[in-house]
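Each chain is listed here by its residues.
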Amino acid sequence: MKLTVLTAAVVLFAGFEGPGASSAAAQEQRATERDAAASERWRRWRDYNRYPGPIPTPEEWEAPAGPIRIGLQAGHWRADEAPSELRRIRYNGTRWRETAEWEANLVIARLAAEELEGLGYEVDILPAVVPPGYRAHLFISIHADGSDSPAASGYRVASPRRDATGRAEDAARLLREAYGAATGLRELPVATRRMRNYYAFNYRRYEHALHPMTIALIIETGFMTSARDREIILGAPERAARGIVEGIKAFSVTAQPAPPTTGRR
């Protein structure tokens, strides 16, 4: 009996590795799990990189062939139709009483499009979801702001944080100047992070995004929650539209087209 007990004790001791070994095994397991999580994050990022690439450089930019084409997006218009990759945009946007933001944006976009077409431009009025790889000389997303404070007032214009064309900030500067002159509203000097990283600019992550060689801007035309700003964006939207048109005309890439020449008989 004593020999049996002793043998069992020896066997138990041989299998005992002490608390340090157990801790090392746990650390190794956690490291394995961290590596697996990092691999999963990389896989997800890789899958989000929708653009087949390589990403062109500003030196490779060329204007699209054909007439000068302008894309005007009425922000939040038909956002409820967004695909699953853009599901977070389906039910956002601001409003003033019974007027939803998309309605104000659409009025301004249509007025600007009418004026631009009269000047010889080709214009697409786009909903919240842009066609995959949309290509134009210039794309402007039209929005309106909202705030809990009625004192919040002003407009702002932003170019993409990542601009493969190298030309968007010049277009943004001209639009800021033209919109302020046409509306009399004050410019807010700081564009929000959400504007600079607007989903339609993100051709790496989303299928429904602009072609990287489309020069792109976003404008917040004013605050629907501001009485002063509403005088323009709801009461006189033609002035907001004129500011956008003048900004487009001032940009060298989208300068007013020359009238067609007619041959002499």
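Fair warning: this is a prediction, and the values are worked out from it, not measured in the lab.

### A word on the overall build of the protein chain
Helix and strand counts for the protein chain come out as seven helices and seven strands. Counting from the amino terminus, the protein chain carries its helices and strands in the arrangement α-α-β-β-β-α-β-β-β-α-α-β-α-α. Scored against the burial criterion, the 265 residues of the protein chain give a buried share of 43%. Looking at the protein chain alone, contacts between residues at least 24 apart form 84% of all its contacts between residues at least 6 apart. Accessible area of the protein chain: about 15200 Å², with a carbon and sulfur share of 52%.

### What to know about a negative patch on the surface
A cluster of like negative charges, contributed by E114, E115, E117 and E122, occupies part of the molecular surface. The residue E115 is located in helix α3 (residues 101–118) in this model. On the basis of relative accessibility, which here comes to 30%, the residue E115 falls in the partly exposed class.

### Some remarks on the packing of aromatic side chains
Enumeration according to the criterion identifies three aromatic pairs in this entry. Measuring from ring centre to ring centre gives 4.5 Å for Y198 and Y199, while their planes differ by 45 degrees; the resulting arrangement is tilted. Its relative accessible area of 6% is what places Y198 among the buried residues. Classification of Y199 by relative accessible area gives buried; the value is 8%. The structure contains a cluster of three or more aromatic residues connected by ring pairs, namely Y198, Y199 and F201. Its guanidinium or amino end placed over the ring of W77, R110 lies 5.9 Å from that ring's centre, counting from NZ or CZ.

Conventions adopted
- Residues numbered from 1 in each chain as written.
- Predicted model: local features only at pLDDT ≥ 70, side-chain atom pairs only at ≥ 80, totals over all residues.
- Heavy atoms only, no water.
- Helix = DSSP H or I, 4+ residues; strand = E, 2+ residues; numbered from the N terminus.
- Buried < 20%, exposed > 50% of the residue type's maximum accessible area, 1.4 Å probe, protein only.
- Contact = heavy atoms within 4.5 Å.
- Areas by Shrake-Rupley, 256 points an atom, 1.4 Å probe, with all protein chains shown as cover.
- Patch = residues over 30% accessible without salt bridge, like charges linked within 9 Å, V, L, I, M, F, W, Y side chains within 5 Å.
- Salt bridge = Lys/Arg side-chain N within 4 Å of Asp/Glu carboxyl O.
- Lys, Arg positive; Asp, Glu negative; His and termini not counted.
- Charge placed at Lys NZ, Arg CZ, Asp CG, Glu CD.
- Phe/Tyr/Trp six-rings, centres within 6.5 Å; stacked < 30°, edge-to-face > 60°.
- Lys NZ or Arg CZ within 6 Å of the ring centre and 35° of its normal.

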